[in-house]
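Each chain, written out:
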Amino acid sequence: MFYVKARFNDVVEITTEIHDDNVFGICPDCGCEVNVDLVEILNSKYGDLNGTAVYCLKCSKSGMEGGI
C-alpha cells in the first residue's frame with residue numbers, strides 16, 4: 001500500500017491511500033483538474049512524478065493540432 005501524508009500543524013495530519021481513482025494533477029495550460037493514471041506515467045520511458053505534466057483532453061488535442 002502507498003499513501004500520502006500531509007501535516008498541517010502539530011495537531012492535524014491527514015493520511016490517505018493512493019488508488020487509481022484518487023490521483024490528480026493540474027493541466028499546465030488551462031489549470032483544470034485532470035485524473036492521473038500513475039501506472040501509465042511510471043511505465044513510460046520518461047515518466048517520473050517530479051517532471052511530468054498532465055494535460056487535459058481539450059489542451060492535449062489543441063496541442064496536437066498546433067503541431068506541438
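Here goes a summary of the coordinates provided. All values reported here derive from a predicted model rather than from experimental measurement. (Residues numbered from 1 in each chain as written. Predicted model: local features only at pLDDT ≥ 70, side-chain atom pairs only at ≥ 80, totals over all residues. Heavy atoms only, no water.)

A few points about the overall build of the chain
Argument step 1. Secondary structure assignment for the chain yields two helices and four strands.
Argument step 2. Over its C-alpha atoms the chain spans a radius of gyration of 15 Å, topping by over 25% the 11 Å that the globule rule assigns to 68 residues.
Argument step 3. For the chain, the spread of C-alpha atoms along the three principal axes comes to 50 × 25 × 20 Å.
Argument step 4. Counting over 68 residues, the chain shows a buried share of 12%.
Argument step 5. Long-range pairs, those at least 24 residues apart, make up 21% of the contacts in the chain with a sequence separation of at least 6. (Helix = DSSP H or I, 4+ residues; strand = E, 2+ residues; numbered from the N terminus. Rg over C-alpha atoms; globule rule 2.2 N^0.38 Å. Buried < 20%, exposed > 50% of the residue type's maximum accessible area, 1.4 Å probe, protein only. Contact = heavy atoms within 4.5 Å.)

A closer look at a nonpolar patch on the surface
Argument step 1. Together, F8, V11, V12 and I14 give the surface a local cluster of nonpolar side chains, amounting to about 420 Å² of exposed area.
Argument step 2. Take V12: its relative accessible area is 36%, and that puts it in the partly exposed class. (Patch = residues over 30% accessible without salt bridge, like charges linked within 9 Å, V, L, I, M, F, W, Y side chains within 5 Å. Areas by Shrake-Rupley, 256 points an atom, 1.4 Å probe, with all protein chains shown as cover. Salt bridge = Lys/Arg side-chain N within 4 Å of Asp/Glu carboxyl O.)

A look at the pattern of salt bridges
Argument step 1. The tally for this structure, following the rule as stated, stands at one salt bridge.
Argument step 2. Residue E13 pairs with R7 through a salt bridge whose shortest N-O separation is 2.7 Å.
Argument step 3. By relative accessible area, which is 36% here, E13 ends up partly exposed.
Argument step 4. For R7, a relative accessible area of 56% corresponds to the exposed category.

Re the pairing of strand 2 (residues 13–17)
Argument step 1. Taken together, the five bridges between strand 1 (residues 3–7) and strand 2 define a ladder with antiparallel strand orientation. Paired with V4 across the strands is T16, a residue of strand 2.
Argument step 2. In this antiparallel pair of consecutive strands, strand 1 and strand 2, the connection spans five residues. (Pairing = 2+ DSSP bridges.)

Everything listed here is a matter of coordinates, which is why it stays silent on function.
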